[in-house]
Amino acid sequence: MIRIGAEPSKMREIDLDDVFLSRLQLLIVMSKAYLSGYPLGRHRINCILENANHVKLEAVGLEEDLEWFKDDTSFNDTLGFDSAFYQRVKLLSVMAEAIAKGYDLENHKKEALEKNLNAVCESITFTKQVSDMQFLKVA
Amino acid sequence: MKIVVVDADPIVRDFVVGTLMYSVNREVLPFENGLDAWLYIEDYGMPDIIVADVNLEDLSGTELLGKAKALNQGTVVILYSDLPEKEAMVREAGADAFLAKPFGVSELFNLVQRFVVDGRSSNG
């Protein structure tokens, strides 16, 4: 039996912040796979749409929380991102939806996507390289 | 390639299903309890991979593992939990992998690489 995941001393339930960050990482992989020219398929398209929508809604909620509780010192923002980060995440979600809907992104839009991806990646710790995931090269 | 995911928590279940479905570009079937998953298996046949929470209503993850392995030893069964003490129980029950919560995209990609792409289990 192989063992993957948290060390025993760090095991705990998966919370909403974990899911938001994991889905954001998945959205980054999806976008980078597109930029790398990896093939899409019916199920992948549905997954991108579903994931982009989830991340967008969560980013809207988290950004609203920042605004609502900006003067409340008891508010505990565990993620610690600023409003600009959530704006970039929402933009990334919209771009991913466009990819899934089959809109052909011209070069300058691909550059904008890449720039936005890099900015989001700078804010989170995520070391997985798309090139590591050979299974994405087949549909 | 048929994959089944069983988890009572819809937030975690949907995330796991979405990540696996994107990875393999095949349909991944979600179930909220072990019994529903088993009834599906009885009707439609054994999936290639079962990914399940250890704590499930009606039929636990380890019970589902036992039934699946009794029917087809080749079915890959991956169980996850947030409780460290469950790991030994899962190992003894014969799981192919134990996924310790919290896990994310990288851990699920790791499983796809091992059990779908490489097609190997480290049992034995």
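### Considerations on the confidence of the model for chain B
Atom-level detail of predicted coordinates should not be read off regions where pLDDT is low. Overall, the prediction assigns chain B a mean pLDDT of 94, with 96% of residues at 70 or greater. Scored as a whole, the predicted complex attains pTM 0.89, and scored at its interfaces, ipTM 0.90.

### Comments concerning unusual backbone geometry
Residues and elements named next belong to chain B. For the peptide bond that leads from Lys-101 to Pro-102, omega is 0°, which places it in the cis range. Along the chain, Pro-102 turns up in the loop between β5 (97-100) and α5 (105-117). The backbone of Asn-25 sits at a positive phi, close to 55°, despite the residue not being glycine. Along the chain, the position of Asn-25 falls in the loop between α1 (10-24) and β2 (28-31). The exposure class assigned to Asn-25 is partly exposed, which follows from the 19 C-beta atoms found within 10 Å.

### Examining the nonpolar core
In this structure, Leu-20, Ile-78 and Leu-79 of chain B are the most contacted members of the largest nonpolar core, which totals 74 residues. Examining the composition of this core, we find that 11 residues originate from one element, helix α1 (residues 16-35) of chain A, more than from any other. Those residues in contact with Leu-20 of chain B, other than ones at most four positions away along the chain, are Ile-3, Val-5, Val-28, Leu-108 and Val-112 of chain B.

### Points about helix α2 (residues 42-68) of chain A
The end-to-end C-alpha distance of α2 of chain A is 39 Å, a good match for the 39 Å that 27 residues give at a rise of 1.5 Å each. Those residues of α2 of chain A that fall on the buried side of the exposure criterion are Arg-44, Cys-47, Ile-48, Asn-51, Ala-52, His-54, Val-55, Lys-56, Glu-58 and Ala-59 of chain A. Its buried side turned inward, α2 of chain A meets α1 and α3 (83-100) of chain A together with α1 of chain B.

What counts and what doesn't
- Residues numbered from 1 in each chain as written.
- Chains lettered and ligands numbered in written order.
- Predicted model: local features only at pLDDT ≥ 70, side-chain atom pairs only at ≥ 80, totals over all residues.
- pLDDT = per-residue confidence, 0-100.
- Helix = DSSP H or I, 4+ residues; strand = E, 2+ residues; numbered from the N terminus.
- Buried ≥ 20, exposed ≤ 12 C-beta atoms within 10 Å, placed from the backbone.
- Core = buried A, V, L, I, M, F, W, Y, C linked by C-beta atoms within 7 Å.
- Contact = placed C-beta atoms within 7 Å.
- Expected span 1.5 Å × (residues − 1).

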